[in-house]
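Here is how the chains run, residue by residue.
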Amino acid sequence: MKSAQLPDLGANAVPDDARAQLERQTRVLELIAGAAPLDEVLTDILSSLERLMPGARCSVLLLDREQRTLHHGAAPSLPDEYVASIDGMSIGERAGSCGTAAALNAPVVATDVQTDPRWVDFRDAAVAAGLRSCWSTPIEGRDGLPVGTFAVYHPEPHRPTPHEQLLVNQFTHLASVAIGRAGLVADLVESEERFRRSFDDNSLGMAILGLDRTIATSNNALTTLGRRDLVGCPFAVVVTPRGRSLESWLEELGRNGAGPIAFEAGLRRDDLREVEVEVTMSLLRGRDGGPAQYLVNVLDLTERRAAERDRRARSEAETARRTAEELSRAKSELL
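Remember, predicted model here, so these are calculated numbers, not experimental data.

With that settled, consider helix H4 (residues 96-104). Since the α-helix advances by 3.6 residues per turn, residues separated by three or four positions end up pointing in the same direction. Burial of H4 is extensive: seven of the nine residues sit out of reach of the surface. Along H4, the positions that sit buried rather than exposed are Gly96, Ser97, Cys98, Gly99, Thr100, Ala101 and Ala102. Looking at the buried residues of H4, the elements they touch are strand E1 (57-64), strand E2 (69-74), strand E3 (89-90), strand E4 (108-110), strand E5 (133-140) and strand E6 (146-154). With its phi angle positive at about 55°, Asn105 sits one or two positions after the end of H4.

Applying the stated criterion across every chain, the model contains three aromatic pairs. Centroid distance Trp249 to Phe263: 5.0 Å. Interplanar angle 20°. Geometry classified as stacked. With Trp249 in helix H9 (residues 246-256) and Phe263 in strand E10 (residues 261-268), this pair connects stretches of sequence that are 14 residues apart. Exposure remark for Phe263: the relative accessible area of 4% places this residue in the buried category. When the ring centre of Trp249 is taken as reference, the NZ or CZ atom of Arg244 above it lies at 3.9 Å.

Let's shift gears to the layout of surface pockets. In this approach, a probe sized like a water molecule rolls over the atoms, and the result shows the empty space that is left. By volume, the largest pocket amounts to about 330 Å³. Lining the largest pocket are 16 residues, with Gly141, Val147, Ile179, Gly180 and Gly183 sitting closest to its centre. Listed by contribution, the elements that provide at least two residues to the lining of the largest pocket are E1 and helix H6 (162-200). For the lining of the largest pocket, the element with the highest residue contribution is H6, accounting for seven residues.

Two side chains of opposite charge can pair, provided their charged atoms sit close to one another. Applying the stated criterion across every chain yields a total of eight salt bridges. A salt bridge links Asp201 to Arg197; the nearest nitrogen and oxygen atoms lie 3.9 Å apart. A salt bridge links Glu247 to Arg213; its shortest N-O distance comes to 3.0 Å. Highlighted residues: Glu247 in helix H9 and Arg213 in the loop between strand E7 (205-209) and strand E8 (215-218), separated in sequence by 34 residues.

Looking now at the environment of Met281. Residue placement: Met281 occurs in strand E11 (residues 274-285). Using a relative accessible area of 1% as the deciding quantity, one classes Met281 as buried. Residues Met281 and Ile261, 20 residues apart in the sequence, show an inter-C-alpha distance of 5.4 Å. Residues contacting Met281, with those up to four places away along its chain left out, are Leu209, Phe235, Leu246, Leu250, Leu253, Pro260, Ile261, Phe263, Tyr294, Leu295 and Val296.

With 39 residues, H6 extends 56 Å from end C-alpha to end C-alpha; this agrees with the ideal 57 Å at 1.5 Å per step. Considered for burial, the residues of H6 that qualify are Glu164, Leu167, Val168, Phe171, Thr172, Leu174, Ala175, Ser176, Ala178, Ile179, Gly180 and Phe199.

Okay, the sheet that holds E6 next. Strand order in this open sheet of six strands is E3-E2-E1-E6-E5-E4, and the pairing throughout is antiparallel. Looking at the sheet topology across the chains shown, the edges are occupied by E3 and E4.

With that out of the way, let us pick up the pairing of strand E12 (residues 291-300). Pairing geometry for E7 and E12, over five bridges, is antiparallel. Its bridge partner lying in E12, Met206 is registered against Asn297. The pairing of E11 with E12 spans nine bridges and is classified as antiparallel. By the bridge assignment for E12, Val279 is matched with Val298. Where E11 folds back onto E12 in an antiparallel hairpin, the turn is made up of five residues, including Gly289, whose phi is positive at roughly 85°.

With that settled, the discussion passes to the packing of helix H2 (residues 38-52) against H6. The contact between H2 and H6 brings their axes to 10 Å, and the two run at 175°. Here H2 is positioned roughly antiparallel relative to H6, judged by the angle of their axes. The residues of H6 that touch H2, namely those facing Leu38, Val41, Leu42, Ile45, Ser48, Leu49 and Leu52, are Leu167, Val168, Phe171, Leu174, Ala175, Ala178, Ile179 and Ala182.

Before going further, it helps to spend a moment on the environment of Thr43. Relative to the helices and strands, Thr43 is located in helix H2. Residue class for Thr43 comes out partly exposed when judged on its relative accessible area of 31%. When the C-alpha atoms of Thr43 and Cys58 are compared, they prove to be 9.3 Å apart, with 15 residues separating the residues in sequence. Among residues more than four places away in sequence, those in contact with Thr43 are Ala74 and Pro76. Within the structure, the side chain of Thr43 is placed 2.7 Å from the backbone oxygen of Asp39, a separation counted as a polar contact.

What counts, and where the lines are drawn
- Residues numbered from 1 in each chain as written.
- Predicted model: local features only at pLDDT ≥ 70, side-chain atom pairs only at ≥ 80, totals over all residues.
- Heavy atoms only, no water.
- Buried < 20%, exposed > 50% of the residue type's maximum accessible area, 1.4 Å probe, protein only.
- Helix = DSSP H or I, 4+ residues; strand = E, 2+ residues; numbered from the N terminus.
- Contact = heavy atoms within 4.5 Å.
- Phe/Tyr/Trp six-rings, centres within 6.5 Å; stacked < 30°, edge-to-face > 60°.
- Lys NZ or Arg CZ within 6 Å of the ring centre and 35° of its normal.
- 1 Å grid on protein atoms, 1.4 Å probe; cavity = no way out; pocket = protein on both sides within 12 Å on 5 of 7 lines; lining within 4 Å.
- Points joined across faces, edges and corners; volume = space filled by probe spheres on them.
- Salt bridge = Lys/Arg side-chain N within 4 Å of Asp/Glu carboxyl O.
- Expected span 1.5 Å × (residues − 1).
- Pairing = 2+ DSSP bridges.
- Axes fitted to C-alpha atoms, helices over the stretch in contact; angles between N-to-C directions.
- Parallel < 35°, antiparallel > 145°, perpendicular 65-115°, else oblique.
- Polar contact = N/O pair within 3.5 Å; in protein donor to acceptor, adjacent residues only side chain to side chain.

Pasting the structure below:
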C-alpha cells in the first residue's frame, strides 16, 4: 500500500503577514539568544509590531516593584517629550493605561484618553503628543507578577481587534522572555562579581585547579606567599603534603564526593624555601553534575606555628617557675 502524498502548496501557502510575523519573531529570538542589550531587543520587538500594525505606536515600560514606579524601556516612535513625561510614573488605578495595568495585573483599554477617567493626570501630555487611545498589557515575570507594561497607542479613538490582540499577546510574551533573560544575565554578572571580589580580595590564599591538577587561576594572597608563576603550574610542584602524597589526598576527595579535605603541606617559594601551610580542597561540579574543577584554600601556618611555640614556651616557663617555687617551699619546710 502506497503512502498518501501531501500536495506541494509552495511558498505562497503561508500568508505574507504570517510569514512576516514569523520572520520578525525569529529575529527577536535570535537577538535574545545572542544576549543583545535589553533596550535593543525591546526596540526591535516594538518596531516589528508597529510594522505589523500600521498606524500604531508602541512602548515598553519597566516596573520597579519596590518603588512601584514605571520607567522607560523602549519607545521607537513616541515623542521624546511624552516619554520623559511618563518616565518614573507611579502605578495605581488612575495612572493611565500602563500604570493601571501594572497595578491590577490586567489589560487596560482606553478607547479615548480624552474621556477616560484613568487618564486625567496624563491627558494633556497624550494630546500634545498626538495620542488619542492607549491599550496596555502587563508583561508578566517568571513569578506571574508584572515586570513591565506593553502599550499600543493610536492617533484616533481605537479599540483593539481580535487580530491585534493576538499580535500583542505574542509580542508581549517575547518582551517577557527578553526581560527575564536580561534579569538572569544581570543576576549572573552580579554573582560572578561577588565571587571575583571574594576570591581576589580574600586574605586567604585561593586557587582553582583544572582536572589535570594544574592551577587555572589564583588570588593575590596566594601570590604573596612567594609564588609568582602559579598559573599553569602543576599543583604538586607548588605544595608537598606532610606524610602522604597529594595523589592519595585527591583520591580521598573523590571518594568523599565534594569534600572538603584538609592537610598540612610545605609550599615552595620562588627562593626555594618552604612555607608551612594548611591546604583545604573541594570539588566544583559542572552542569552535568560531574567534577569540573578543584577549589583550593591555602592558609599560611607561620603565625600559628609562632603562636604555638610562644604558648609552649610560656607554658614551659610557667611550669619551671611553679616547680622552682615548690622545691623552694619544700626546702624551707625541710630546714
